[in-house]
Amino acid sequence: MITVKICVGTSCHLNGSCNVFSSFQHMIEEYDLHDKVALEASFCMRECAKSGAAVAVNDEKYRVEPEKARSFFKEKVLPLINS
Ligand code: FES
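Residues numbered from 1 in each chain as written. Predicted model: local features only at pLDDT ≥ 70, side-chain atom pairs only at ≥ 80, totals over all residues. Heavy atoms only, no water.

### Some details on the overall build of the protein chain
Part 1 of the argument: Assigned secondary structure in the protein chain consists of three helices and four strands.
Part 2 of the argument: From first element to last, N terminus to C terminus, the protein chain shows the α and β order β-α-α-β-β-β-α.
Part 3 of the argument: Judged by the C-alpha coordinates and their principal axes, the protein chain covers about 35 × 20 × 15 Å.
Part 4 of the argument: Across the 83 residues of the protein chain, 37% fall into the buried class.
Part 5 of the argument: Long-range pairs, those at least 24 residues apart, make up 66% of the contacts in the protein chain with a sequence separation of at least 6.
Part 6 of the argument: Accessible surface, the protein chain: about 5,000 Å² in total, of which carbon and sulfur atoms supply 49%.
Part 7 of the argument: Seen as two clouds, the 10 positive and the 11 negative side-chain charges of the protein chain have centres 7 Å apart. (Helix = DSSP H or I, 4+ residues; strand = E, 2+ residues; numbered from the N terminus. Buried < 20%, exposed > 50% of the residue type's maximum accessible area, 1.4 Å probe, protein only. Contact = heavy atoms within 4.5 Å. Areas by Shrake-Rupley, 256 points an atom, 1.4 Å probe, with all protein chains shown as cover. Lys, Arg positive; Asp, Glu negative; His and termini not counted. Charge placed at Lys NZ, Arg CZ, Asp CG, Glu CD.)

Now the structure itself:
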């Protein structure tokens, strides 16, 4: 199981973390990954910055801009599915 955590703390919320969350939800739906990817909301990950939301994929941290959420998911999450 791949764990994807998205920060919903104040700073990340203002940077669109809710949109990132719903984009990832759609991708999970689209690729039927309910039993492979666990999507979780997280409190502040202490990675606050000016742009994007903090995202952790199996504890590896990234910043994801809402408009790049789909390409991020394709590049960083999908390759882990069958590896
Ligand atoms: S609010 Fe998201 S890392 Fe701090």
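### Focus: the nonpolar core
Part 1 of the argument: Of all hydrophobic cores here, the largest spans 24 residues; its most connected members are Val 4, Val 20, Phe 24, Val 37 and Val 55.
Part 2 of the argument: Taken together, the elements giving at least two residues each to this core come down to strand S1 (2-7), helix H2 (17-30), strand S2 (37-42), strand S3 (53-57) and helix H3 (69-81).
Part 3 of the argument: Beyond its immediate chain neighbours, meaning those up to four positions away, Val 20 contacts Ile 6, Ala 53, Val 55, Val 64, Glu 65, Pro 66 and Ala 69. (Core = buried A, V, L, I, M, F, W, Y, C linked by side-chain atoms within 4.5 Å.)

### Some words on the packing of aromatic side chains
Part 1 of the argument: Counted by the stated rule, this structure contains three aromatic pairs.
Part 2 of the argument: Taking 6.0 Å as the distance between ring centres and 20° as the angle between the ring planes, the aromatic pair formed by Phe 24 and Phe 72 counts as stacked. One end of the pair, Phe 24, is in helix H2; the other, Phe 72, is in helix H3, and 48 residues separate them in sequence.
Part 3 of the argument: Residue Phe 24 is classed as buried on the basis of its relative accessible area of 0%.
Part 4 of the argument: With a centroid separation of 5.1 Å and 70° between ring planes, the pair formed by Tyr 62 and Phe 72 is classed as edge-to-face. Here Phe 72 lies in helix H3 and Tyr 62 lies in strand S4 (residues 60-64), a separation of 10 residues in the sequence.
Part 5 of the argument: Taken together through their ring pairs, the aromatic side chains of Phe 24, Tyr 62, Phe 72 and Phe 73 make up a single cluster. (Phe/Tyr/Trp six-rings, centres within 6.5 Å; stacked < 30°, edge-to-face > 60°.)

Taken by themselves, the reported measurements are silent on function.
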